[in-house]
Amino acid sequence: MSKIYFLPSHEYARIDEQNPDIAYVGITPYAASQLGNVVYVDMPEADDDVVAGEEFGAIESVKAASDLFSPVSGAVIEINEHLLDNPRLINQDPIENWIIKVQMSDSSELEKLLDAEAYDALCKSEKH
Amino acid sequence: MNTQLYDKLIFELSRPGCRGYALPDENRADEGLGDIKTLPEQLLRESEPELPRVDEPTLVRHYTNSSTNNFGVDTGFYPLGSCTMKYNPKINEELAAGFASELHPLQPADTVQGALEVYWRLQKALSTIGGMAEFTLNPHAGAQGELTGLMVIKSYHNSREDYGRTRILVPDSAHGTNPASAACAGYEVVEVHSMPDGTVDVEDLKSKLDSSVAALMMTNPNTVGMFERNIPVIAEAVHAVGALLYYDGANLNPLLGVARPGDMGFDVMHINLHKTFATPHGGGGPGAGPVGVRAGLEQFLPNPRVLQAPDGTLYVNEQDSACGRVSAWLGNYTVFVKALAYIYTLGACGLRYVGPLATLNANYIMHSLCDLYELPIPGPCKHEFVFDGLKDKSTGVTTLNIAKALLDCGFHAPTIYFPLLFHESLMIEPTETESRRTLDDFISAMRDIAGRAASEPDSVRTEPHHTPVRHPDDTEAALHPRLTWSDLKC
Amino acid sequence: MDTPSHPYFPHTAEDIAAMLERCGVKTVEELYSDVPDSVLFRGHYELPSAMSESELRRFFKQLARKDRELICFAGAGFYQHYTPAVIPALLSRSEFYTAYTPYQPEISQGTLQYIFEYQSIMCALTGMDVCNASMYDGSTATAEAMMMAVNSLKRRRRVLISATVNPLVAQVVNTYASYNNVTVEVLPEKDGITDREALRSMLGAGDVAAVIVATPNYFGILEDYTGLADEVHAAKALLIMNAHATTLSVLRTPADWGADIACGEAQSLGLPLNYGGPYLGYLSCRRQFMRKMPGRIVGATTDDRGQRVFVLTLQAREQHIRREKATSNICSNQGIMTLHAVMYASLMGPEGLRRVNGAGASGMRRLAAELCLTGKMRLKYPDRPYLNEALFEMADGYSADTLINEAARAGILAGVRVGLNGLLVAVTEQQNEEDIKAYIKVVNSLKKENS
């Protein structure tokens, strides 16, 4: 099981099993269920830079839109092009269907993120 | 309204060779087309635009039939909260249809004194109703009125070289346009919390007030229909830090004859003529969002401004102190004719009934339904109130289901899922032009839906059953946007 | 409160009594018990007393007598065209005009259908892929196009606007920009057209988000924008083209010029002059910018019976969802004016619309030839191509203001003054040979100013 970290704004950074400097960034199952049917994902382009805590795109469902914040800094090495044709993949499995793949410039940033346990607690508190 | 959908598009009625026009001098037109052909080729269109070709009777049938798919205030009760869907008097339409229709906006002022007088008189009328010094009528809609009002506020602070005011305070119950307008005027938005009774939390407000605040935007009564009774304290606190108080006039209707924003300490306000002053909403416009200011702020109103010379003649003026320009000319002019006709029809005394009757109607519905629907904020409401869905939460019937079930009963739905303070908001505003009989019919429909929600929830959840269109697929529309006739043909 | 007696108030005394009882109060005033005494309004509105319909008709008739309808040779963005009688007749169907924004598609297909038709017609005219449900007028449509470009290209906040764009439009663009930390720079004109060399150097300075030009331009000139889009795109900026709707049935489209966003005034689609409004701003763009578009958009989908139906779509962009993150605050737009435009364009069809342009073009050519013969005015840019509008300058000793005043006395609106002594004149199918003769007569009788 690969390591996974979270932002309180419901994005995750899943660390590549082979290369610890590469992270897959997407939205959490909790966020996906809150949004409902995803109809569009606004993504950066490959080679764009992302900065931890800053906006890198947006995600839209029929009734809501939400900015996407990057948990990590670095260069986008790939975007998930499957989402262009079929954004609903995010509703099927948001962890498998990541949004961008980032070459991290500073993996020590991961320490500032929430671990699975802390993130679960956050979701539970939001439900109430 | 019919129960069958009339689903043709005008493009589908097009036939080559059909025409729906007759021009005065068609020989001259064709001669001119010859002139156009002599223009350099690269300036001309390559292929003709795909427009329909229809004869006149075909067009008349098409739009008459498609109108029967629609529901307006003339069709039935339209209790859409915060939208003030009152009756649109017919005399207003008649008067507006002919008035000033052939006047070009850039005609010399001495040839448009009548047109300018309508502007001037309406501006004056709104000033006495709002308790303000002067109004501009130029903004085209409420949202643009908000933006203009904020531009006035920024210009005022700038004129005092007070450049540090970067924030606008907005209650969390505010209409979505308030924060959007503040952002469009280049401000940072800070939310102020509400008390359990829906009114502004004065302590929270005070903790956020400082010299970085340009203004507080407020709706009063607010979006849950409660009068902000602490308004004198709020005004004092806002002014004490040098900020201004902005009045969102979307909910002005219940105050006609009762109170004036200017007397409450508001410095700048807008009014939606298509709400409070009975001009039709036109399926989304044209509206008008006049902006009023207290004395001392007039010079910041946008260009152009209609002013009166000492001899009584009216003229159109532009000045450098203005906050800028928000319209090519004076805005949605014919809407002003309708609003002025409405105000003069009711007159000084008739207008005083508007607020109280609107409030009576709202309270009557609230009291008649609060045993079955969850009323999160008790106490007398003003022109509107909010239910938080059904009282019985076990049925699984949501506010959306209730709204759709009402369509089957021949009513328009209330505003739903707004304000954001409650999960199942159902916001009802009846206006003063609805009779007790209509309200009683609506109340029985709502009671019936509540009853069926308990006995046959599945049936309620699948409504509407009788409208010409049922359950459109919104997800499909957004996933694969088809936005034009060419998209449909693909 | 006593019982009202007016046709708009359906309440009888018994109704009010029964309703108060249901509410558990004795008077309506009690429902306002939470309004502090200090803010209650006890004065009188400074308004006349109620007028009956007859009085109101007389009142407005008297006001109308203070106006003078003139034979209109003025344009400057607003044109007098013929409105087919069926349009006001159908617009007056209250199913259309007393409806709100079509939030409930089940009972709003009439509105949704005509907005969809309107979007289709504007895309056909501009050549663009997507059009929204309308903007307030041509000036705010251009301002929103500018904001849309700035929001599409993050971190670029310079916008260039050609000096040949209508100044009323440019002022609104400037106003919107100044509150949003966007710098608008004027792209100079040379001999009536956008100075392309100046453009190159201004683009070269970097960070330009958008370039705004117009067709026909403010002086009525049809500028040749060949190569413009390539230059703008090479600088990674967007090209915004402001175009008069009616002329697009004969002129090269903004899409064919390579523009990214087309916007402007659609009043010329048969909307009455109405002393300035309501008019109709349009905003259309290429598909790639669809989700940056402000305002409402209608799309096609199906319902549970498989019928083709229309709904408001892509709503996540809008202010009621995005609140302070929305890129525009527009909600109400020009609504039913889009129905006006759709009916006009459908009745005219492609041929009718072309002939409207033809009538204006030939009328303008006749008038221009005769005006030049008077020796009192001349075409300012005689070598530039024009359609139905052109800029004249007065010969030495003659004043444009005097001409406007003299003409008004003769029942003619001679045009719109531009600069110190220029006159912008337009002709449509509405001014006939006699009108043109009357205009010439005024110019012929014009006397030299005493300097």
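None of these values were measured; they are calculated from a predicted model.

Residue and element names in this part refer to chain C. Enumeration over the complete set of coordinates arrives at 9 cavities of 30 Å³ or more. In this model, the largest cavity occupies a volume close to 310 Å³. For the largest cavity, the lining is made up of 29 residues, of which Gly 77, Tyr 79, Pro 216, His 244 and Glu 389 are closest to its centre. Those elements that place two or more of their residues in the lining of the largest cavity are α6 (138-152), α7 (167-178) and α12 (336-373). With 3 residues, the top contributor of residues to the lining of the largest cavity is α12. Here the lining of the largest cavity is composed, by residue class, of 12 nonpolar, 15 polar and 2 charged. Counting residues domain by domain, the lining of the largest cavity receives three or more from each of domain 2 (71-79 + 352-444) and domain 3 (86-343).

Our next topic: the sheet that holds strand β2 (residues 130-131) of chain C. Residues and elements named next belong to chain C. The mixed open sheet is built from 7 strands, whose spatial order is β2-β10-β9-β8-β7-β3-β4. Single-partner strands in this sheet number two, and they are β2 and β4 (183-187). Alignment of β2 against strand β10 (residues 281-285), held across 2 bridges, turns out to be antiparallel. For Cys 131, the partnering residue across the bridge sits in β10 and is Ser 284.

This paragraph deals with the interface of chain A and chain B. It is common to give the size of an interface as the accessible area lost on bringing the parts into contact. Contact residues are listed per partner, giving 7 residues for chain A and 4 residues for chain B. For the pairing of chain A and chain B, the buried interface totals around 480 Å² over both sides, and the portion due to carbon and sulfur atoms is 66%. When the area that chain A buries against chain B is broken down by residue, the three leading residues are A:Val39, A:Val62 and A:Arg88, summing to 73%. Put simply, chain A and chain B have 0 salt bridges between them. For the pair chain A and chain B, the number of links is 1 residue pair in polar contact (both at pLDDT 80 or more).

Turning our attention to the nonpolar core. Soluble globular proteins tend to bury their nonpolar side chains together. B:Phe277, B:Ile343 and C:Phe60 are the most contacted members of the largest nonpolar core, which totals 121 residues. The leading source of residues in this core is helix α10 (residues 333-369) of chain B, at 22 residues. Contact partners of B:Ile343, with chain neighbours within four places excluded, come to B:Leu122, B:Ala125, B:Leu126, B:Ile129, B:Phe277, B:Leu351 and C:Leu47. Formed by 86 residues, the second largest nonpolar core is a distinct cluster that contains B:Leu39, B:Leu59, C:Met202 and C:Ala345.

So, on to helix α5 (residues 109-126) of chain C. All names here are of chain C. In this model, α5 (18 residues) spans 25 Å end to end at C-alpha, consistent with the 26 Å of a helix rising 1.5 Å per residue. In terms of residue burial, α5 counts as a mostly covered element, since 18 of its 18 residues are buried. Gly 127 occupies a position one or two residues after α5 and carries a positive phi of about 80 degrees.

Our focus in this paragraph is the packing of helix α2 (residues 56-67) of chain B against α5(C). Close contact between α2(B) and α5(C) brings their axes to 8 Å; oriented N to C, the two are set at 135 degrees. Between α2(B) and α5(C), the crossing angle belongs to the class labelled oblique. From α2(B), B:His62, B:Tyr63 and B:Ser66 reach across to α5(C), where they touch C:Gly110, C:Gln113, C:Tyr114 and C:Glu117. For the contact of α2(B) with α5(C), the residue count by class is 2 nonpolar, 4 polar and 1 charged.

As a packed pair, α10(B) and helix α2 (residues 53-65) of chain C sit with axes 11 Å apart at the nearest point and diverge in direction by 135 degrees. Between α10(B) and α2(C), the angle falls in the class oblique. Note on packing geometry: the crossing formed by α10(B) with α2(C) is right-handed. In this structure, α10(B) contributes B:Val337, B:Leu340, B:Ala341, B:Tyr344 and B:Thr345 to the contact, and α2(C) contributes C:Leu56, C:Phe59 and C:Phe60. A class-by-class count of the residues in the contact of α10(B) with α2(C) yields 7 nonpolar, 1 polar and no charged.

Let us now look at the interface of chain B and chain C. Opposite the 204 residues of chain B that make contact, chain C presents 189 residues. Contact between chain B and chain C buries roughly 17300 Å² in total, counting both sides, with carbon and sulfur atoms accounting for 61%. The largest share of the area that chain B buries against chain C comes from B:Arg28, B:Arg45 and B:Leu483, three residues that together contribute 5% of it. Counting the contacts that link chain B with chain C gives 14 salt bridges. The residue B:Arg28 makes a salt bridge to C:Glu433 at a minimum N-O spacing of 3.9 Å. By residue number, the principal contributor to the side of chain B that touches chain C is α10(B), which donates 27 residues. When grouped by side-chain class, the residues that make up the side of chain B that touches chain C number 108 nonpolar, 54 polar and 42 charged.

This part takes up the packing of aromatic side chains. One pass over the structure, following the stated rule, counts 31 aromatic pairs over all chains. The positively charged end of B:Lys382 is found above the aromatic ring belonging to C:Tyr32, 5.4 Å away from the centroid. In this structure, C:Arg291 is placed above the aromatic ring of A:Tyr40, and the distance from its NZ or CZ to the ring centre is 3.7 Å.

All names here are of chain B. Here chain B is partitioned into domain 1 (10-67), domain 2 (90-345) and domain 3 (353-474). With centres defined by C-alpha atoms, the gap from domain 2 to domain 3 works out at 31 Å. Residue-level contacts link 23 residues of domain 2 with 20 residues of domain 3. Carbon and sulfur atoms supply 66% of the area buried between domain 2 and domain 3, which totals about 1500 Å² over both sides. Remark: the boundary between domain 2 and domain 3 carries 0 salt bridges. The interface formed by domain 2 and domain 3 holds 4 residue pairs in polar contact (both at pLDDT 80 or more) in total. Of the residues belonging to the side of domain 2 that touches domain 3, the class tally is 11 nonpolar, 10 polar and 2 charged.

A cluster of acidic residues, A:Glu45, A:Asp47, A:Asp48 and A:Asp49, forms a negative patch at the surface. Along the chain, A:Asp47 falls in the loop between β4 (38-42) and β5 (49-50).

Two faces make up the sheet, and in a regular strand the side chains alternate between them. Residues and elements named next belong to chain B. Most of strand β5 (residues 244-249) is tucked away: 6 of the 6 residues are buried. Burial along β5 is two-sided: the residues Leu 244, Tyr 246 and Asp 248 and Leu 245, Tyr 247 and Gly 249 are all buried. Of the pairings in the sheet, the one linking strand β4 (residues 213-218) to β5 comprises 4 bridges and is parallel in character. Its bridge partner being in β5, Leu 216 is matched across the sheet by Leu 245. Regarding the hand of the β-α-β motif, the stretch spanning β4, helix α8 (residues 231-240) and β5 is right-handed. Alignment of β5 against strand β6 (residues 268-271), held across 4 bridges, turns out to be parallel. Paired with Asp 248 across the two strands is His 270, which belongs to β6.

Reading the values: the criteria
Every chain is numbered independently, its residues counted from 1 as its sequence is written. Written order determines the labels here, with chains lettered from A and ligands numbered from 1. Local features are withheld for residues below a pLDDT of 70 in this predicted model, meaning they are given only at 70 or higher, and side-chain atom pairs are given and counted only at 80 or more; totals for whole chains, interfaces and linings count all residues. Hydrogens and water are ignored here; the side-chain numbers use all heavy atoms of the structure. Note on definitions: the grid is 1 Å and covers protein atoms alone; a cavity is a set of points where a 1.4 Å probe fits but cannot get out; a pocket is an open set with protein on both sides within 12 Å along at least five of seven lines; lining residues have an atom within 4 Å of a point. Grid points are joined across faces, edges and corners, and a volume is the space filled by probe spheres set on the points. The helix and strand labels rest on DSSP assignments: H or I over at least four residues marks a helix, E over at least two residues marks a strand, and numbering proceeds from the N terminus. Residues are sorted three ways: Asp, Glu, Lys and Arg are charged, Ala, Val, Leu, Ile, Met, Phe, Trp, Tyr, Cys and Pro are nonpolar, and all the rest, Gly among them, are polar. As annotated, the domain borders come from an automatic or database domain assignment. Only strands joined by at least two bridges in the DSSP assignment are considered to pair. Residues count as neighbours in contact if any of their non-hydrogen atoms are within 4.5 Å of one another. By convention, the term buried area covers the 1.4 Å-probe accessible surface removed from two parts as they join, with the contributions of both added. By definition, a salt bridge exists where a carboxyl oxygen of Asp or Glu is found within 4 Å of a side-chain nitrogen of Lys or Arg. Here a polar contact means two N or O atoms within 3.5 Å. Within protein one must be a hydrogen donor candidate and the other an acceptor candidate, and residues neighboring in sequence count only if both atoms are side-chain atoms. Only buried residues count toward a nonpolar core, which is a set of Ala, Val, Leu, Ile, Met, Phe, Trp, Tyr and Cys residues joined through side-chain atoms within 4.5 Å. Exposure categories follow from relative accessible area, calculated using a 1.4 Å probe and restricted to protein chains: below 20% of the type maximum is buried, above 50% is exposed, and the middle band is partly exposed. An expected span of 1.5 Å times one less than the residue number is assigned to each helix. Only the stretch in contact is used when a helix axis is fitted, and all axes are lines through C-alpha atoms; the angle between N-to-C directions ranges over 0 to 180 degrees. When describing relative orientation, an angle under 35 degrees is termed roughly parallel and one over 145 degrees roughly antiparallel, while 65 to 115 degrees is termed roughly perpendicular and anything else oblique. In this scheme the crossing of two helices becomes right-handed for a clockwise turn of the near helix relative to the far one and left-handed for an anticlockwise turn of less than a right angle. Working definition: rings of Phe, Tyr and Trp (its six-membered ring) pair if their centres are within 6.5 Å, and the pair is stacked with planes under 30 degrees apart, edge-to-face with planes over 60 apart, and tilted otherwise. Note on geometry: a ring has a charge over it if NZ (lysine) or CZ (arginine) is within 6 Å of the ring centre and within 35 degrees of the ring normal. Any residue with relative accessible area above 30% and no salt bridge may belong to a patch, with like charges joined within 9 Å and the nonpolar Val, Leu, Ile, Met, Phe, Trp and Tyr side chains within 5 Å. In these tables, accessible area is a Shrake-Rupley quantity obtained with a 1.4 Å probe, and a residue counts as shielded only by the protein chains included in the view. In this charge count, Lys and Arg are treated as positive and Asp and Glu as negative; neither His nor the chain ends contribute. Where a charge lies is defined by one atom per residue type: Lys uses NZ, Arg uses CZ, Asp uses CG and Glu uses CD. Crossover handedness is defined here as right-handed if the route from the first strand over the helix to the second strand goes clockwise, with the strands pointing away from the viewer.

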